[in-house]
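Topology and contacts: notes
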Amino acid sequence: LASGPVVQPAPTVDGFVEAFLAELNYGQGVLLSQSTVNDQYLALARTVRRYLMADWLETGARRRQAQQKTVAYLSAEYLLGRQLGNNLLATNLQDVAEEAMRRSGIDIAALRSQEVEPGLGNGGLGRLAACFVDSLATMDVPCIGYGIRYEYGIFRQTFVEDRQVELPDSWLSLGSPWEFPHPERQVIVSFGGHTETTTDDAGVERSRWIPDWNVLGMPYHYMVPGFRNGVVNTLRLWSARATHAFDLQIFNSGDYAQAVRSQTFAENISKVLYPEDSTPQGKELRLQQQYFFVACSLHDFIDNTLPADYDLRRLPERLVVQLNDTHPVIAIPELMRILVDRKGFDWDEAWDITKRCFAYTCHTLLPEALEVWSVDLLGRLLPRHLEIIYRINEEFLDEVREAFPGDEMRVRRMSVIAEHPERSVRMAYLATVAGAKVNGVAELHSQLLRDKVLPDFSQLWPEKFTNVTNGVTPRRFVLLANRRLSDLVTDTIGEGWVTDLDRLRELEPHAEDPEFRAAFRQVKADNKERLYKLLRVRDGLDLPREAMLDVMVKRLHEYKRQTLKLLHIVSLYEGVVSGRVAPEDLTPRTVVFGAKAAPGYHMAKEIIFLINAVADTVNADPRVAGRLSVAFPANYNVTLAEKLIPAADLSEQISLAGKEASGTGNMKFALNGALTIGTDDGANVEIRRLVGDDNFFLFGMTEPEVETLRGEGYVPADLYEQDPVLRATIDLLASGHFTGGDRQVVAPVVDNLLHQDAFMALADFPAYLEAQARVDAAYADPDTWSRMAILNVARSGFFSSDRSMRDYLERIWTAR
Ligand SMILES: CCc1ccc([C@H](C)CC(=O)N[C@@H]2O[C@H](CO)[C@@H](O)[C@H](O)[C@H]2O)cc1
């Protein structure tokens, strides 16, 4: 399959300069001398695209030729991060590009920072999807990532008087050179209306959907380059358009707003990402978004990707649809509708095909995060789908009754339709009934899924439940983010580790080599210096040099316990201001937070305010100057993570055991030579097992201990009474010391800790402090610390998303 027509520019500096100038002149229509930084960035991006195009087209042709089984990854979120750096890495053009730009009198760093990252996700789930499609391309697995091209991604976070303020993320405003619109592949998606039952000539009753309104789905293609393997997979993100953008009659009647109303109405569907990452709001637009991209994607695969005459009875041989949490689960009744209503299959045949096409990944343990849709809303928006769901449930409950005769309680418990508080469809149950496989994202999580979240289902179908522990791509989060460490590793063990991360094990003996440890410490010091420079320019933060960098970056959520970190800071500070602790006895420490709160999550926003208030006071207090400081750079995102994580000494993974499904930040920190202080929660359990107890600061209750305490009845105020350090800490917070004496403004958080503390921060406080003392002790000996850190890197190869993909291939995508 010679790449025939596609002429790739020469991968030389001359070739690159020539292509760049052509893009600048003919693409941007400007001369170099006149060009703006944005012109230069867009031209550079398009130049890099040229080097990937041949591989992209060839991969597409090879895929069509080979008729291989394809993974359709359905995700409502993709947190992609900036594309330029990753694409330069994948094409191994980073040095050529840098030289080419230098020859053109341009500093490529300025162009890199011109790129706005596509923030089409909230947090863990969205970033995991991005890591997964990167790994599948690097492993040359046929995969199409399907999702939504939100016009506005996750909000930009700013702080006004220490409070989070959200700004719209108009990421497309300066152009987006990495996307390719394909109007010729537009899809019509219907909504509303009603169904009619007819009897076909074979006397079979058939239901027909008569929708009310339609929108158009326009696909935008994004390149997903494999790492230097000539493979480029596709990410297909859908954008909503009105079927007829403009109603001339209405326009001529003078009602201009009405004339374009349908356009705005349609466009709303892909207008903005819902910024919640745990509590669904159950909004109609959210369901419209979910059905919109799912309908576009299934239609696109069945009608535009499969050969026209393909026998759909063999669909499971060509397609596996991975459902990224409950958000795309409406795909199940949609495939049934296509097979029965459009392709004329009878119900049983269609159901058999459907069951073998889907698999479901659950990413949460919070009951409130499991989506349910009211039958009212579903019936109004998708009447045919509700009918199909009812029938799926009916047949399923017959199966339950058969397996557990007379156990109507179980039948009611397991029904996809919940009767209370209102009749609604439990999407996680529907996914479990239809999915061939259901997996959690870490061993503990998958076990809790079986035992606590879906016990009835794992009893009925034990073989259906499996685990695939999350992973992260070493290309972006080590090679791209931490060039200094990557060079040290490659100089020591060769470069194979980038696509075979288990090779990091070969570093283990070097942990015993003082020179290697010194080189490793220098890498960390340089990464810290790079971060300090960035935070000064970006956030006007001036951080003290010689300090342990203690980093907690993740979405703001009470179960993640940013409040526990805050209590630690205040207890250290209280120790000094009360005179109990001499400042020089404090290990110099800078605590860096990064966290967005869902706009409607008030307690989370109160916690952000309090962290900023404490930071202002601590940073301004000469008594702890150079000993304790707190930084909270705004707008934590993938780009900031790439600078923060390589600089970190300590990684905070302190969620209440049994609440964090997996975590993926924890893996990125370990791979970048930070030590973890954490609970036995999510993937922390597997990190600790692999890096070794001696190289992990464990503390706190285990999940069973949490359940026991909850069972016994948890009274946080008692702990406040009994623990003098805790009382002194909370009293200082409550006193208004950090808020100009205003006690009211801190009350929401303090009262919640004393009287609810649903995630038991106070219960784990003493153990956390004790663990932090162990951290201080270890950090006092840089050589020991770097030995532990090197062993963390060496033993974290398992947490590559390539390994996760191998597990999905073995346990889920081929096991049917
Ligand atoms: C409907 C609102 C909503 C939106 C997003 C979500 C996601 C499932 C939340 C999420 O991102 N979960 C995180 O997924 C990561 C990837 O598997 C895990 O590592 C994290 O532990 C988990 O919190 C739940 C509910």
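Residues numbered from 1 in each chain as written. Predicted model: local features only at pLDDT ≥ 70, side-chain atom pairs only at ≥ 80, totals over all residues. Heavy atoms only, no water.

1. Observations concerning the overall build of the protein
- Of regular secondary structure, the protein possesses 33 helices and 25 strands.
- On C-alpha atoms alone, the protein measures out to a radius of gyration of 27 Å, which is about the 28 Å that the 2.2 N^0.38 rule sets for 816 residues.
- Projecting the C-alpha coordinates of the protein onto the three principal axes gives extents of approximately 90 × 75 × 65 Å.
- Residue burial in the protein is summarised as follows: out of 816 residues, 60% are buried. (Helix = DSSP H or I, 4+ residues; strand = E, 2+ residues; numbered from the N terminus. Rg over C-alpha atoms; globule rule 2.2 N^0.38 Å. Buried < 20%, exposed > 50% of the residue type's maximum accessible area, 1.4 Å probe, protein only.)

2. With respect to the site of the ligand
- By nearness alone, 21 residues border the ligand, and His363, Asn470, Glu660, Ser662 and Gly663 come closest of all.
- A distance of 3.0 Å is found between an oxygen atom of the ligand and a side-chain nitrogen or oxygen belonging to tyrosine 559.
- Between the ligand and the protein, one listed contact pairs an oxygen atom with a backbone N or O atom of glycine 663 at 2.8 Å.
- For the ligand, whose unbound accessible area comes to 570 Å², protein coverage reaches 96%.
- When the residues that make up the shell around the ligand are grouped by side-chain class, the tally is 7 nonpolar, 8 polar and 6 charged. (Near = heavy atom within 4 Å. Polar contact = N/O pair within 3.5 Å; in protein donor to acceptor, adjacent residues only side chain to side chain. Areas by Shrake-Rupley, 256 points an atom, 1.4 Å probe, with all protein chains shown as cover. Nonpolar A, V, L, I, M, F, W, Y, C, P; charged D, E, K, R; others polar.)

3. Quick notes on the sheet that holds strand 21 (residues 589-594)
- In space, the 6 strands of this open sheet follow the order 22-21-20-23-24-25, with parallel pairing throughout. Every other strand in the sheet has two partners, leaving strand 22 (628-631) and strand 25 (697-698) as the edge strands with one partner each.
- The pairing of strand 20 (residues 548-553) with strand 21 spans 6 bridges and is parallel. Among the inter-strand pairings, methionine 552 is bridged to a residue of strand 21, identified as phenylalanine 593.
- Across the sheet, helix 32 (residues 782-794) touches strand 23 (650-653), strand 24 (675-678) and strand 25, and the angle it forms with strand 24 is around 85°. (Pairing = 2+ DSSP bridges. Contact = heavy atoms within 4.5 Å. Axes fitted to C-alpha atoms, helices over the stretch in contact; angles between N-to-C directions.)

4. Brief notes about the sheet that holds strand 16 (residues 417-418)
- With antiparallel pairing, the 3 strands of this open sheet are ordered in space as 15-17-16. The open sheet has two free edges, formed respectively by strand 15 (372-374) and strand 16, since each of these has just one partner strand.
- As judged from the 3 bridges shared by strand 15 and strand 17 (residues 424-426), these two strands associate in the antiparallel manner. Looking at strand 17, one finds that serine 374 is bridged to serine 424.
- Contacts from helix 16 (residues 427-434) reach strand 15 and strand 17, with the element oriented near 50° to strand 17.

5. Some words on the pattern of salt bridges
- In total, this model carries 64 salt bridges according to the counting rule given.
- Aspartate 140 is paired through a salt bridge with arginine 62; the nearest N and O atoms lie 3.3 Å apart. With aspartate 140 in the loop between helix 6 (124-138) and strand 4 (143-148) and arginine 62 in helix 2 (residues 37-66), the pair connects residues that are 78 residues apart, well separated along the chain.
- The shortest N-O distance in the salt bridge between arginine 391 and glutamate 395 comes to 3.2 Å. With arginine 391 and glutamate 395 both in helix 14 (residues 383-403) and 4 residues apart, this pair spans about one turn of that helix.
- Taking relative accessible area as the criterion, arginine 391 reaches 38% and is therefore assigned partly exposed.
- On the accessibility criterion, glutamate 395 (28% relative accessible area) is partly exposed.
- One connected set of salt bridges, linked through shared partners, spans Asp550, Lys565, Arg589, Glu652 and Asp776. (Salt bridge = Lys/Arg side-chain N within 4 Å of Asp/Glu carboxyl O.)

6. Considerations on the packing of aromatic side chains
- Taken as a whole, this structure holds 20 aromatic pairs when the rule is applied.
- Measuring from centroid to centroid gives 5.6 Å for tyrosine 573 and phenylalanine 738, while their planes differ by 50°, and the two rings are tilted. A residue pair is termed long-range when its members are at least 10 positions apart, and tyrosine 573 in helix 22 (residues 562-577) and phenylalanine 738 in the loop between helix 29 (724-734) and helix 30 (747-755) qualify at 165 residues. Taken individually, tyrosine 573 and phenylalanine 738 each receive the classification buried, so the pair is uniform in this respect.
- Where phenylalanine 699 meets tyrosine 768, the ring centres are 4.9 Å apart and the plane angle is 40°; that geometry is what we call tilted. Here tyrosine 768 lies in helix 31 (residues 761-779) and phenylalanine 699 lies in the loop between strand 25 and helix 27 (703-712), a separation of 69 residues in the sequence. Both residues of the pair, phenylalanine 699 and tyrosine 768, count as buried.
- Put simply, the rings of Tyr73, Phe132, Tyr808 and Trp813 touch in pairs and so form one group of aromatic residues.
- Above the face of the phenylalanine 404 ring, arginine 410 is positioned so that its terminal group lies 3.8 Å from the ring centre.
- Positioned above the aromatic ring of tryptophan 461, the side-chain terminus of lysine 464 is 3.8 Å from the ring centre. (Phe/Tyr/Trp six-rings, centres within 6.5 Å; stacked < 30°, edge-to-face > 60°. Lys NZ or Arg CZ within 6 Å of the ring centre and 35° of its normal.)

7. Notes on the pairing of strand 4
- Extensive coverage of strand 4 is indicated by the burial of 6 of its 6 residues.
- Burial of the side chains of strand 4 extends over both faces: Cys143, Gly145 and Gly147 are buried on one face and Ile144, Tyr146 and Ile148 on the other.
- With 4 bridges joining them, strand 1 (residues 70-74) and strand 4 adopt parallel strand pairing. Among the inter-strand pairings, alanine 72 is bridged to a residue of strand 4, identified as isoleucine 144.
- Bridge count between strand 4 and strand 12 (residues 232-242): 5 bridges; the pairing is parallel. Considered in strand 12, the bridge of glycine 145 is made with leucine 235.

8. Remarks on the domain arrangement of the protein
- On domain assignment, one finds that the protein holds domain 1 (1-65 + 94-113), domain 2 (67-82 + 117-308 + 315-469 + 806-813) and domain 3 (527-783).
- The C-alpha centroid of domain 3 is placed 44 Å from the C-alpha centroid of domain 1. (Domains from an automatic or database assignment.)

9. Some details on unusual backbone geometry
- Looking along the chain, the bond that leaves histidine 420 and enters proline 421 is cis, with omega of -10°.
- Along the chain, the position of proline 421 falls in the loop between strand 16 and strand 17.
- The backbone phi angle of glutamate 161 is positive, close to 50°, even though this residue is not glycine.
- Residue placement: glutamate 161 occurs in the loop between strand 5 (156-160) and strand 6 (163-167).
- Phi is positive for arginine 561, close to 65°, though the residue is something other than glycine.
- Inspection of the secondary structure assignment puts arginine 561 in the loop between strand 20 and helix 22.
- The class for arginine 561 is buried, based on a relative accessible area of 1%.

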